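Examination of the molecular architecture
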Amino acid sequence: MQCIFIIPVISGGCLTCSTGIVRFTVVVIILGEKKISKGWIYVTLTCIFELLWIYGFNAAENPLDFVLIALIIITDFYFLEKACETIQTGTVYAIFSAIGTIFTALMDTFLFQVEFSWAKGIFITLLIAGVITLKLAENSPNGTEKEKK
Amino acid sequence: MGWIYVLIASAVEIAGVIGLKLFSRKKTLLNLALFVSGFALSYLFLYFSLKYLAMSIAYAVWMGLGTAGAVLVNMIFFGESKKPARVFGVVLIIIGVVGLKMIS
C-alpha cells in the first residue's frame, strides 16, 4: 500500500494510477515482457489523445466540439491509467509531458503561425527538464530494470 | 490575463491532486468532489488562458506549475522525500516559468 504514496504528482491527471501501480508490480512479475510492450502502446495512445485535446482547445467552435474534447480527455485519462498498470507512473508522465510540450511548440509554429524565439525554446526546455526530473524521481527504486531508459 | 488564468488552472489542479490523494486514503464524497472539480476546473481555466497566450507557453507553464506545486505540497504537507533531484526539478521549473513570463 506504500504505492499510494508514490503517485501523488498527477499533472494532466491520472485517475487511478495509484491502484495501477499496485497491480503493476504483480502483473510484471506474472506476465513479464509481454505486458510491458502492451504498456508502451498505451503510452503512445495517451500521447496521441493528449495532443488531440490540446489541438481541440484551439480549434473548437461549437458546443458539440467541447463534448468531443471532454470525451477525448476522459479517453486520455483511461489510456494513461492503462499505461501506468505496466510501466512506472513517473516514466509514463515524463514521456507524455515531454511529448505534449514538444508538439504544442511544433503546432504553434507550424499550424498556428506563432513566432518561434530561441529564448522561448530555451525556457520551455528548462521547464520540461524540471518536469521530467520530478516525474522520474517518482519512480520506486525497486522498479523493474526493463523500462529504464 | 492569460497568465492569471494559467496560475488559477495550476492552483486548482494542485487542489485536484490533493483531492485524489485524500480520496485514495479515505473514500468520502467531499474528497471525490475536490478531486474531480479540481481537475475539471483546471482544464477550463487552461482553455480560457489560450485566448491570450500561445498554446506552447500555456501548456508548458500549466504542466510545470501543476507538477512542481504538487511535489511541493507533498513534501510540505504529506512528508514526502525532499531528495535533491526533486528540489532541483522544482528549481528548473521555476526558472523556466519566470523566464517565459519575462519574455512574453
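Residues numbered from 1 in each chain as written. Chains lettered and ligands numbered in written order. Predicted model: local features only at pLDDT ≥ 70, side-chain atom pairs only at ≥ 80, totals over all residues. Heavy atoms only, no water.

1. With respect to the pattern of salt bridges
Counted by the stated rule, this structure contains 4 salt bridges over all chains. Its salt-bridge partner being Glu 85 of chain A, residue Lys 82 of chain A comes within 3.8 Å of it at the nearest N-O pair. Of the two residues, Lys 82 of chain A and Glu 85 of chain A are both situated in helix H4 (residues 63-86); the distance of 3 residues between them amounts to about one turn of the helix. Glu 80 of chain B is the partner of Lys 21 of chain B in a salt bridge, and the nearest nitrogen-oxygen pair spans 3.3 Å. You can see Lys 21 of chain B sitting in helix H1 (residues 2-25) and its partner Glu 80 of chain B sitting in the loop between helix H3 (55-77) and helix H4 (84-103), a full 59 residues away along the chain. Salt bridges linked by common partners bring Glu 138 of chain A together with Lys 21, Glu 80 and Arg 86 of chain B together as one network. (Salt bridge = Lys/Arg side-chain N within 4 Å of Asp/Glu carboxyl O. Helix = DSSP H or I, 4+ residues; strand = E, 2+ residues; numbered from the N terminus.)

2. Quick look at the nonpolar core
Counting residues in each nonpolar core, the largest one holds 55 residues, and the members touching the most others are Trp 53, Phe 57 and Leu 127 of chain A together with Val 61, Trp 62 and Leu 100 of chain B. Among the elements of the structure, helix H3 (33-59), H4, helix H5 (89-110) and helix H6 (118-138) of chain A together with H1, helix H2 (29-49), H3 and H4 of chain B are those that each provide at least two residues to this core. Core analysis: the next-biggest nonpolar cluster, separate from the first, contains 5 residues, Val 17, Leu 20, Phe 35 and Ala 70 of chain B among them. (Core = buried A, V, L, I, M, F, W, Y, C linked by side-chain atoms within 4.5 Å. Buried < 20%, exposed > 50% of the residue type's maximum accessible area, 1.4 Å probe, protein only.)

3. A few points about the packing of aromatic side chains
Residue and element names in this part refer to chain B. Counted according to the given criterion, the structure contains 23 aromatic pairs over all chains. Taken together, a centroid distance of 5.5 Å and an interplanar angle of 55 degrees make the contact between Tyr 5 and Phe 48 tilted. Residue Tyr 5 is located in helix H1, and its partner Phe 48 is located in helix H2; the two are separated by 43 residues in the primary sequence. Residue Tyr 5 is classed as buried on the basis of its relative accessible area of 19%. Seen in terms of ring centroids, Phe 23 and Phe 35 are 6.4 Å apart; in terms of plane orientation they differ by 25 degrees. Their pairing is stacked. On the criterion of sequence distance, the pair formed by Phe 23 in helix H1 and Phe 35 in helix H2 is long-range, its members being 12 residues apart. For the pair shown, Phe 23 and Phe 35 are each scored as buried. We note Lys 21 situated over the ring of Phe 78; from NZ or CZ to the ring centre the distance is 5.1 Å. Geometry around Phe 23 places Lys 27 over its ring, the cationic atom sitting 4.9 Å from the centre. (Phe/Tyr/Trp six-rings, centres within 6.5 Å; stacked < 30°, edge-to-face > 60°. Lys NZ or Arg CZ within 6 Å of the ring centre and 35° of its normal.)

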